[in-house]
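# Notes for the structure review
Here is what each chain is made of, one letter per residue.
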Amino acid sequence: MSQKMFERIALIGIGLIGSSIARVIRREGLAGEVVISTRSEATLKRAEELNLGDRYTTDAAQAVEGADLVIISVPVGSSGAVAELIAPALMSGAIVTDVGSTKASVIAQMQPHLPANVQFIPGHPLAGTEKSGPDAGFAELFENRWCILTPLEETDATALETLSAFWRACGSNVDTMDPQHHDMVLAMVSHLPHIIAYNIVGTADDLQTVTKSEVIKYSASGFRDFTRLAASDPTMWRDVCLHNKDAILEMLSRFSEDLASLQRAIRWGDGDKLFDLFTRTRDVRRSIIDAGQEIDSPDFGRIAVKSEKPA
Ligand SMILES: NC(=O)C1=CN([C@@H]2O[C@H](COP(=O)(O)OP(=O)(O)OC[C@H]3O[C@@H](n4cnc5c(N)ncnc54)[C@H](O)[C@@H]3O)[C@@H](O)[C@H]2O)C=CC1
Ligand SMILES: O=C(O)C(=O)Cc1ccc(O)cc1
């Protein structure tokens, strides 16, 4: 039998991301054994029904015993508590990683608990959906997506290469980044869009309640795109907002300034300004399409957009 990439992988948290990782590990045969742990009995039972691993326990410390790779896939606000629980049971030389949407806060929460004889390499697969829980995962989630690793100064190059090889085996392209830079970039491209979506859907819902109108019933597809993002898990996104506060506030302030400028152009009938902005933003989408990246379509699932390139 061929050598597995890892002898035992422990997955702590088995929602959308953890269960997608479990499925791809099984499909690609990346581990001799997969041990699954999550806090809630009901979720653990569901993971077992879905046959996502080989062993199941609500005891996170027990789950990580003898594991050469530990992947923590819980809301970012719980990373510190999980690190504290597992620290005494970690095997010397184990790689410990996470998938959290924010990085500086996860490092600040986890690092103080982790022993010096493990390799802690924070990570973030830039892949997901608005769904959550073990039923929502799928093995193809990470295909052709970026996975950003934010190694620490003391991270060993071999361990970093091993974890990078794991993510490549899951179908991802791997990049490394400084955690603060990661948090700034993600505040713009992921956190701000979700906050805007939560806000616009909240405003429409308030308006409907106050005016007894049917704004949501007659929502056009532009609004529907926002409702997909705004249906994302409340616990996860509460934690992202609380744990990437500074970068998000910085991006929100730039966004508000630009929105005020747009508002002014509309008020004063500055058609040239509107036309110029809308032309520039259309070019942004075209450049994404030209780069051959996939774009999520809320109505049709994930689609390759290369063919959308205008003639
Ligand atoms: N949903 C998405 O699109 C993406 C999420 N992420 C990140 O991945 C992480 C997990 O997100 P999802 O899988 O979407 O969430 P999810 O809600 O589907 O699953 C979270 C899992 O964590 C468990 N859990 C919660 N607190 C725990 C604790 N204290 N101890 C043990 N288990 C605990 C839950 O029982 C559940 O199994 C988050 O940090 C999120 O920021 C990263 C990329 C994409
Ligand atoms: O559903 C979507 O459109 C997403 O943007 C998914 C997503 C959510 C959070 C992340 O940290 C990464 C990806």
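All values reported here derive from a predicted model rather than from experimental measurement. (Residues numbered from 1 in each chain as written. Chains lettered and ligands numbered in written order. Predicted model: local features only at pLDDT ≥ 70, side-chain atom pairs only at ≥ 80, totals over all residues.)

## A closer look at the domain arrangement of the protein chain
Heads up, the rule is: Domain ranges listed in this record stem from an automatic or a database domain assignment. Any residue pair is listed as a contact if its two C-beta atoms, each placed from the backbone, are within 7 Å. Gly counts as polar in this scheme, as do all residues outside two lists: the nonpolar Ala, Val, Leu, Ile, Met, Phe, Trp, Tyr, Cys and Pro, and the charged Asp, Glu, Lys and Arg.
Domain boundaries assigned for the protein chain yield domain 1 (6–177) and domain 2 (181–308). Between the C-alpha centres of domain 1 and domain 2 there is a distance of 29 Å. Counting from both sides, the interface comprises 15 residues of domain 1 and, opposite them, 18 residues of domain 2. In terms of residue class, the side of domain 1 that touches domain 2 is built from five nonpolar, eight polar and two charged.

## Looking at the pairing of strand 5 (residues 95–98)
Two faces, one strand: in a regular strand the side chains alternate between the faces of the sheet. Quick reminder of the rule: Counting other C-beta atoms within 10 Å of each residue's C-beta, where C-beta atoms are placed from the backbone, gives the exposure class: buried for 20 or more, exposed for 12 or fewer, partly exposed between. Runs of E in the DSSP output that reach at least two residues are strands. Runs of H or I that reach at least four are helices, and both are numbered from the N terminus. When DSSP finds two or more bridges between a pair of strands, those strands are recorded as paired. Crossovers are marked right-handed if the path from the first strand over the helix to the second runs clockwise, as seen with the strands pointing away from the viewer.
Covered by surrounding structure in strand 5 are Ile95 and Thr97 together with Val96 and Asp98, the residues of both alternating faces. For strand 4 (residues 69–72) and strand 5, the ladder comprises four bridges, and the chain directions are parallel. Within strand 5, the position partnered with Ile72 by the bridge is Asp98. Regarding topology, helix 4 (residues 79–86) serves as the crossover connection from strand 4 to the parallel strand 5, and that connection is right-handed. Bridge count between strand 5 and strand 6 (residues 119–120): two bridges; the pairing is parallel. By the bridge assignment, Ile95 is partnered in strand 6 with Gln119.

## Concerning unusual backbone geometry
Its identity is not glycine, yet Asn51 carries a phi of approximately 60 degrees, on the positive side. Looking at where Asn51 falls in the secondary structure, it is placed in the loop between helix 2 (41–49) and strand 3 (55–57). When the 10 C-beta atoms within 10 Å are taken as the criterion, Asn51 is described as exposed.

## Re the site of ligand 1
The line we're drawing: Any residue whose C-beta atom, as set from the backbone, lies within 6 Å of a molecule or strand is reported as near that molecule or strand.
Taken together, 29 residues form the shell around ligand 1, and within it Gly13, Gly15, Ser101, Gly128 and Ser132 come nearest. For the shell around ligand 1, the elements supplying multiple residues, two or more each, are helix 1 (16–28), helix 4 and helix 9 (234–243).

## A word on the nonpolar core
Which entries qualify depends on this criterion: Put simply, a nonpolar core is a cluster of buried Ala, Val, Leu, Ile, Met, Phe, Trp, Tyr and Cys residues tied together by C-beta atoms within 7 Å.
Core analysis: the biggest nonpolar cluster contains 54 residues, and Ile9, Ala10, Leu11, Ile12, Ile36 and Val70 have the highest contact counts within it. At six residues, helix 1 tops the list of elements feeding residues into this core. For Ile36, the residues in contact, after removing those within four places along its chain, are Leu11, Ile14, Ala22, Leu44, Ala47, Leu52, Gly53 and Tyr56. Listed in part, the six residues of the second largest apolar core include Ala187, Ile195, Ala247 and Ile248.

## Comments concerning helix 6 (residues 157–169)
Spelled out, the test is: In this analysis, the expected span of each helix is defined as 1.5 Å times one less than the number of residues it contains. Here the arc refers to the set of directions running from the helix axis out to each C-beta atom.
Taking 1.5 Å of rise per residue, the 13 residues of helix 6 would be expected to cover 18 Å, and the 18 Å separating its terminal C-alpha atoms lies within 8% of that figure. Among all positions in helix 6, only Ala159, Leu163, Ser164, Phe166 and Trp167 are buried. Down the axis of helix 6, the smallest arc covering the buried residues is 155 degrees, so these residues share one side. Opposite the buried face of helix 6, by more than 90 degrees, sit the exposed residues Ala157, Thr158 and Glu161. Immediately downstream of helix 6, the backbone of Gly171 shows phi near 105 degrees, a positive value.

## Points about the site of ligand 2
Looking at ligand 2, there are eight residues lining it, with Ser101, Gly128, Thr129, Glu130 and Ser190 nearest. Residues that form the shell around ligand 2 fall into these classes: two nonpolar, four polar and two charged.

## Comments concerning the pairing of strand 4
Side chains Leu69 and Ile71 of strand 4 all project onto a buried face; the interleaved residues Val70 and Ile72 project onto the opposite face, where all are buried too. Sheet topology places strand 1 (residues 6–12) next to strand 4; four bridges connect them, and they run parallel. Considered in strand 4, the bridge of Ile12 is made with Ile72.

## Thoughts on the environment of Phe6
In this structure, Phe6 sits in strand 1. Sequence-wise, Phe6 and Asp68 are 62 residues apart; in three dimensions their C-alpha atoms are separated by 6.3 Å. Those residues within four positions of Phe6 in sequence are excluded, and the remaining contacts are Leu30, Ala31, Asp68 and Leu69.

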